[in-house]
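# Structural overview
As a plain string of letters, each chain reads:
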Amino acid sequence: MFCVRIDDVIRHNERVATIKFERKIPSFPGQFLMVNVFGYEEIPLSLSSPNSVTVKAVGETTEALVNSKPKDLIGLRGPFGRPFTPSDKALIVAGGIGIAPLKFLHDYLIDRGAEVLVVFGARTAKDLIWVDEFENAIFATDDGSEGFRGNVVELVKSIDLSKFERIYCCGPKPMLRGLFELFKAKNVLDKAEFSLENYMRCGIGLCGSCVLENGARVCVEGPVFRGIELPKEF
Amino acid sequence: MSASLEVELAGLKLRNPLMLASGILGSKVSSLNRIARHAGAVVTKSVGLNAREGYKNPCVVNWRCGILNAVGLASPSAEDFAKELSKFEKNCVLVVSLYGSKPEDFEKLPEHFPMADAFELNLSCPHAEKLGLEIGRDPDLVKEIIRAVKSKTDKPVFAKLSFHMNIVEIGKVCEEAKADGVVAINTVKGMAIDIVSRRPILSNVSGGVSGEAIKPIALKCVWDLFEEISIPIIGCGGITSWKDVVEFVLAGATAVQIGSALFYSGHIFKSIEESLKSYLRIYGENISDLIGQAHKV
């Protein structure tokens, strides 16, 4: 474990904040850190840029992190896990806080001259973050307060997937399962990459807390899996 | 030419002497099944009668020479764990690791696990109150626990011991109580402090050190036990390469357990197995010919 100081905390809405570190972590989009919030717990979080994590307050530890202040120290281990593989024509599909690793990927791909379409869904317009920072994006909200009214999977159904070299997905389990079924039916699972999350203790492939039905470890063989590598239930 | 890796351990046939150590990837049957493709045996995470939550994160951290952990015996109840293990695909020997605080707890555990080929008694976890090491240091209690478990099962029973006890004395007690083997050693007590935040890193402050740092310590324990007892010894502690395996076998281990080294590679069982075969081919020997050979004058 090593310590970094927090440089800035950017509040996106009531529950979501980006925690910027004073220095960059050499990493690739899709990788995660084990973040030790002193006095609370150590939790796995995807990098949302080389020097930040973006987190939603859902429990004690994430709440404390969202409320942290510049100059606070946090402990880090990592980066760990297998990242996304880059492509020139990319479709990014995000649900809710699942946008965090995909924002990193988006910026990484744009820097390298890739064509990127972002499909981003959330409950309401307030839950959509970074809306002005994507080059080419369409949105979906459950309540129709922004963009398409309905869920991301429905919106993706209306898109011609054949023109994309890769499809990158991260979001809540029901969304990922919906996309998995859709891609299977459209026979594009081999070019889809899913970033999964799971309860983790060690983050380094030893404790077994995050193992999937097929024996793969989310922290080492993942968190990014190709569609064809995923077990039927994930 | 021979070069067989097969070993017989207390009547069990192992395709090779490589066992998955308890506590590593041992709480889900899917990972046990994956390791079982190349291991001689897998040992599950220790299980007791009731579920235990364990300690908060950080509870497992890597450092320069291995791993430091204080998971705190987090595990489901015996009943729930048995359901999970019922899906074990039997590609290798299955050893279920048991923990408890008294003989009456231990003896109720084996009946839950009809799928087990053998049991390992955790008498050595260094970071759980009134469990593990705290009972393993008491020779009378060790004797009672082994006898209690043996009275409830015909399957082999191994006792996992610690560096933090008079290991030879406890090893002899295990032999007297008719244990079928001993496992040496569990993790060694240790800790780490972050020098910037100036706090202990593990939530439990201290924990157990595993990995390469403890290999010479474990090897010496196996050596000493082999001089004094005649039941099989399973070596454990820092085994990372095929050369380590050979060392432990030469010191007297019939089989070895590998855990922390999975940090370096998820395919370590396969790669060590292949390397051991090459080593044995050079000498035209079987691995079982090597057991304890370094003791010969």
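Here the structure is shown first, and the text comes after it.
Residues numbered from 1 in each chain as written. Chains lettered and ligands numbered in written order. Predicted model: local features only at pLDDT ≥ 70, side-chain atom pairs only at ≥ 80, totals over all residues. Heavy atoms only, no water.

Counting from both sides, the interface comprises 30 residues of chain A and, opposite them, 29 residues of chain B. Between chain A and chain B, roughly 2300 Å² of surface is buried when both sides are summed, and carbon and sulfur atoms account for 55% of that area. The interface formed by chain A and chain B includes 0 salt bridges. Summed over the shared surface of chain A and chain B, the number is 9 residue pairs in polar contact (both at pLDDT 80 or more). For the side of chain A that touches chain B, the elements supplying multiple residues, two or more each, are β1 (2-11), β3 (32-36) and β6 (73-80) of chain A. Counting residues per element, the side of chain A that touches chain B draws most heavily on β6(A), which supplies 3 residues. (Contact = heavy atoms within 4.5 Å. Buried area = accessible area lost by both parts, 1.4 Å probe. Salt bridge = Lys/Arg side-chain N within 4 Å of Asp/Glu carboxyl O. Polar contact = N/O pair within 3.5 Å; in protein donor to acceptor, adjacent residues only side chain to side chain. Helix = DSSP H or I, 4+ residues; strand = E, 2+ residues; numbered from the N terminus.)

Another point: the nonpolar core. If you look at the biggest cluster of nonpolar residues, it comprises 149 residues, and the most contacted ones within it are Phe183(A), Phe194(A), Val42(B) and Phe113(B). Both domains that furnish three or more residues to this core are identified here as domain 1 (2-80) and domain 2 (89-229) of chain A. Other than its neighbours up to four places away in sequence, Phe113(B) contacts Val47(B), Ala78(B), Phe81(B), Ala82(B), Leu85(B), Val96(B), Leu98(B), Phe119(B) and Lys155(B). Ala90(A), Val118(A), Phe120(A) and Trp130(A) belong to the second largest nonpolar core, which has 23 residues in total. (Core = buried A, V, L, I, M, F, W, Y, C linked by side-chain atoms within 4.5 Å. Buried < 20%, exposed > 50% of the residue type's maximum accessible area, 1.4 Å probe, protein only. Domains from an automatic or database assignment.)

Okay, unusual backbone geometry next. In this structure, Pro79(A) follows Gly78(A) across a cis peptide bond, with omega equal to 5°. Assignment of secondary structure puts Pro79(A) in strand β6. Of note, the amide linkage connecting Gly222(A) to Pro223(A) takes the cis form, showing an omega dihedral of 5°. Examined against the element boundaries, Pro223(A) turns out to sit in the loop between β12 (192-195) and β13 (224-226). Even without glycine at this site, Arg198(B) takes up a positive phi of about 60°. In this structure, Arg198(B) sits in the loop between β12 (193-194) and β13 (199-200). We classify Arg198(B) as exposed; its relative accessible area is 72%. Its identity as a non-glycine residue notwithstanding, Val205(B) has a phi of 70°, on the positive side. Structurally, Val205(B) can be placed in the loop between β13 and β14 (206-210). For Val205(B), a relative accessible area of 41% corresponds to the partly exposed category.

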